[in-house]
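Analysis of the macromolecular model
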Amino acid sequence: MLKVNEMNAEEKRIEMRLKNKVGILQEEGTCPTCRNFEFDDVYPNDGRAFYEDDKIICLFEQYPRAVGHTIILTKEHYEDISEMPIELGTHILSVTQKIINLLKEKLGAEKVYMCTMCDGKRNHLHFQLLPRFKGETIGSKNFVRERGILKDYEETVQLFEGCMKA
Ligand SMILES: [Zn+2]
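In short, a report on the structure.

Conventions and cut-offs
Residues numbered from 1 in each chain as written. Predicted model: local features only at pLDDT ≥ 70, side-chain atom pairs only at ≥ 80, totals over all residues. Helix = DSSP H or I, 4+ residues; strand = E, 2+ residues; numbered from the N terminus. Rg over C-alpha atoms; globule rule 2.2 N^0.38 Å. Buried ≥ 20, exposed ≤ 12 C-beta atoms within 10 Å, placed from the backbone. Contact = placed C-beta atoms within 7 Å. Pairing = 2+ DSSP bridges. Axes fitted to C-alpha atoms, helices over the stretch in contact; angles between N-to-C directions.

**Thoughts on the overall build of the protein chain**
Each helix and strand counted, the protein chain has four helices and seven strands in total. Taking 166 residues into account, the globule formula puts the C-alpha radius of gyration at 15 Å, and the protein chain, at 16 Å, falls close to it. On the principal axes, the C-alpha backbone points of the protein chain span a range of 45 × 40 × 30 Å. Going through the 166 residues of the protein chain one by one, you find that 22% of them count as buried. Here the analysis covers contacts within the protein chain between residues at least 6 apart in sequence; of these, 63% occur between residues at least 24 apart.

Given below as structure tokens:
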């Protein structure tokens, strides 16, 4: 089952390089997500999606702040919620509800936090789901916990994939 490991020095270097690369693309006005959709060269290690339809893609964050940290991406480019068609928002919430139930039922999350920031010169509408588990402190610090690296996620991707189809 998927777990989040502390990053070793090499993994931290790779994550830092990725962060820098994304920052440079944003500064020059390129959306890193759209670029990645086209060339697959920004996030080479992003995991396989557990859900995809004609409007959105859902996958586990590779550098998660919690077990089950999920990213929901729109396929079309919108800078943030201000540009998002409301029907798309409704669709995203309906899929989000399914995912939150899975994070609770399959991974044992007690609660799941949701956020969207999409800040900076150029960004791509996405939402983050951050599970909080029993015994973990309640509150906004859960949004900024240290990132780890995702391991052994394929089995959970398959599990979620199957449940999302059902
Ligand atoms: Zn984009």
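Continuing now.
**Looking at the sheet that holds strand S3 (residues 56-60)**
Read from one edge to the other, the open sheet built from five strands follows the order S2-S3-S4-S6-S5, with strand pairing classed as antiparallel. Of all the strands in the sheet, the pair left with one neighbour each is strand S2 (51-52) and strand S5 (109-115). Sheet analysis places S2 next to S3, joined by two bridges and oriented antiparallel. Each bridged residue has a counterpart across the sheet, and for Tyr51 the counterpart in S3 is Cys58. In this fold helix H3 (residues 86-105) packs onto S2, S3, strand S4 (70-74), S5 and strand S6 (126-133), with an angle of close to 25° to the strand it touches most, S6.

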